[in-house]
Amino acid sequence: MEQQHKYSNDVNVDSLRSEFFGVLRSRRTDEVPLTMEPAKPVLDPLFQDNPPRSNKVRVSYYDKQKIVLEEYTDDDFIFKSKHFSELNVLNVSGVINNLPRGGAKVMESTPKADIPNLTELLVEENLYLHTEAGEQGRLPVLIWSMKGSNEKKPAVVILHSTGKNKEWMQPLLVAYASRGYVAIAIDSRYHGERANSRTTYQDSLVSAWKKGDTMPFIFDTVWDLVKLADYLTQREDIDPSRIGITGESLGGMHAWFAAFADTRYSVVAPIIGVQGFRWAIDNDKWQARVDSLRPVFEEARIDLGKSEIDKEVVEKVWDRIAPGLASTFDSPYTVPAIALRPFLILNGAEDPRCPISGLEVPISRTTKIYQEAHVPEKFQLIAQPGIGHQITVEMLKGASDWFDKYL
């Protein structure tokens, strides 16, 4: 097991982690023993977007030297993405929240083992974990692995972005499974099977602001990921010392905070998720992040009697729906707390939601810790030039290579 770093810029990491768990427990429903029940594959997963996607997706592509224009329902498009990835796609309209044009092709880009009978060797598992009492305490889990080995395998948890679901991560799950990993995805709180409309997640944020009884932005899902680690470390096919975690956008935030909270996530690679919440407030760079969650900030603006959203509104919302996010548990403290595990941060250099300038302090502190431990190669920040808030082929391959190297 990788030695853990106890102090981060004179902050005791154990105390910080204990304080964080105190916050997580402060808004739990009744805790229950961790139990598992089987589930069935989801054939029509729910996608939420902000704003909602068009019900129709138009795809134009070259086929046999002619341009073809087709229309699909948005969910049907997701499951035809493999077909589109093999074509010369010209344009996709009315689809895909956090992905650039050709996003389905990006999701298919994670390196996959060249195995002729791969589909015959893959095993899909669907299950629910009960992480606490209540409807949201039922955690949907999707797992892909390969048959034919009794050896314990490394595992990678791969987390979706806002509005998506565990089924959206299936191309990555299959790619990792083909290379010998046990690959796991979940539906985060108020997403996928834990949602019942296209506004469930945004509605949950407004409710958290009004009532202060839940933490749907990041923290509640981190509780689930701690419970998921309980389950994964008990499985006979997983090496409990070799569990990695990654995710995109909201999933990148989940990966970051889960790795801070739980050292059993031994290799970490968040994508377009790590940011400085306090820095954004102090430097008037909060607008892009706020725009991604606008309904709750508009509701808070009205309740606070403001004519427009300002830094006071932003700070009060964070303190209410995720206490400590812009202070005690912000990146200057929780990013260094992940040391000395192999830790790769993948961001876009021009990302307005995760400004690179806002990471100067956490990156400096974390780099110093790894350098003093004589393992500087185990911590990297890669800010891809010219890229905003979107995942890229290079990011997915970078995370994949990181896990291959350290898991």
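As a starting point, this report considers the structure included with it. Remember, it's a predicted structure, so these values are computed and weren't measured experimentally.

1. A look at the side chain of D330
Here's step 1: Of note, D330 is situated in the loop between α13 (311–321) and α14 (331–334).
Here's step 2: Here D330 sits buried without a salt bridge, and the closest side chain of opposite charge, R278, lies 6.5 Å off (N-O distance).
Here's step 3: At 3.1 Å, the side chain of D330 and the backbone nitrogen of F277 are in polar contact.
Here's step 4: When sequence neighbours within four positions are dropped, the list of residues in contact with D330 reads W256, Q275, G276, F277, R278, W279, G324 and L325.

2. Side note on the packing of aromatic side chains
Here's step 1: If you walk through the whole model with that rule in mind, you get 17 aromatic pairs.
Here's step 2: Centroid distance W256 to F277: 6.4 Å. Interplanar angle 20°. Geometry classified as stacked. Highlighted residues: W256 in helix α9 (residues 250–261) and F277 in helix α10 (residues 277–282), separated in sequence by 21 residues.
Here's step 3: Exposure remark for W256: the relative accessible area of 0% places this residue in the buried category.
Here's step 4: Given the relative accessible area of 3%, F277 is considered buried.
Here's step 5: Three or more aromatic residues joined by ring pairs form one cluster here, namely F20, F217, F219, W256, F257, F260, F277, F297, W318 and F329.
Here's step 6: Lying across the ring of Y128, R138 places its NZ or CZ 3.6 Å from the centre.

3. Re the pattern of salt bridges
Here's step 1: In this structure the tally under the stated criterion is 27 salt bridges.
Here's step 2: Linking D224 and R189 is a salt bridge whose minimum nitrogen-to-oxygen distance equals 2.7 Å. Placement of the pair is D224 in helix α8 (residues 219–232) and R189 in the loop between β10 (182–186) and α7 (200–211), with a sequence separation of 35 residues. One exposure class covers both D224 and R189, and it is buried.
Here's step 3: We note a salt bridge from D310 to K306, for which the minimum N-O separation is 2.9 Å.
Here's step 4: Under the relative-accessibility criterion, D310 is labelled partly exposed at 22%.
Here's step 5: Overall, K306 belongs to the partly exposed group, its relative accessible area being 21%.
Here's step 6: Through salt bridges with shared partners, a single ionic network connects R28, E132, R189, R194, D220 and D224.

Criteria and thresholds
- Residues numbered from 1 in each chain as written.
- Predicted model: local features only at pLDDT ≥ 70, side-chain atom pairs only at ≥ 80, totals over all residues.
- Heavy atoms only, no water.
- Helix = DSSP H or I, 4+ residues; strand = E, 2+ residues; numbered from the N terminus.
- Buried < 20%, exposed > 50% of the residue type's maximum accessible area, 1.4 Å probe, protein only.
- Lys, Arg positive; Asp, Glu negative; His and termini not counted.
- Salt bridge = Lys/Arg side-chain N within 4 Å of Asp/Glu carboxyl O.
- Polar contact = N/O pair within 3.5 Å; in protein donor to acceptor, adjacent residues only side chain to side chain.
- Contact = heavy atoms within 4.5 Å.
- Phe/Tyr/Trp six-rings, centres within 6.5 Å; stacked < 30°, edge-to-face > 60°.
- Lys NZ or Arg CZ within 6 Å of the ring centre and 35° of its normal.

Function-wise, these values are silent; they only describe arrangement.
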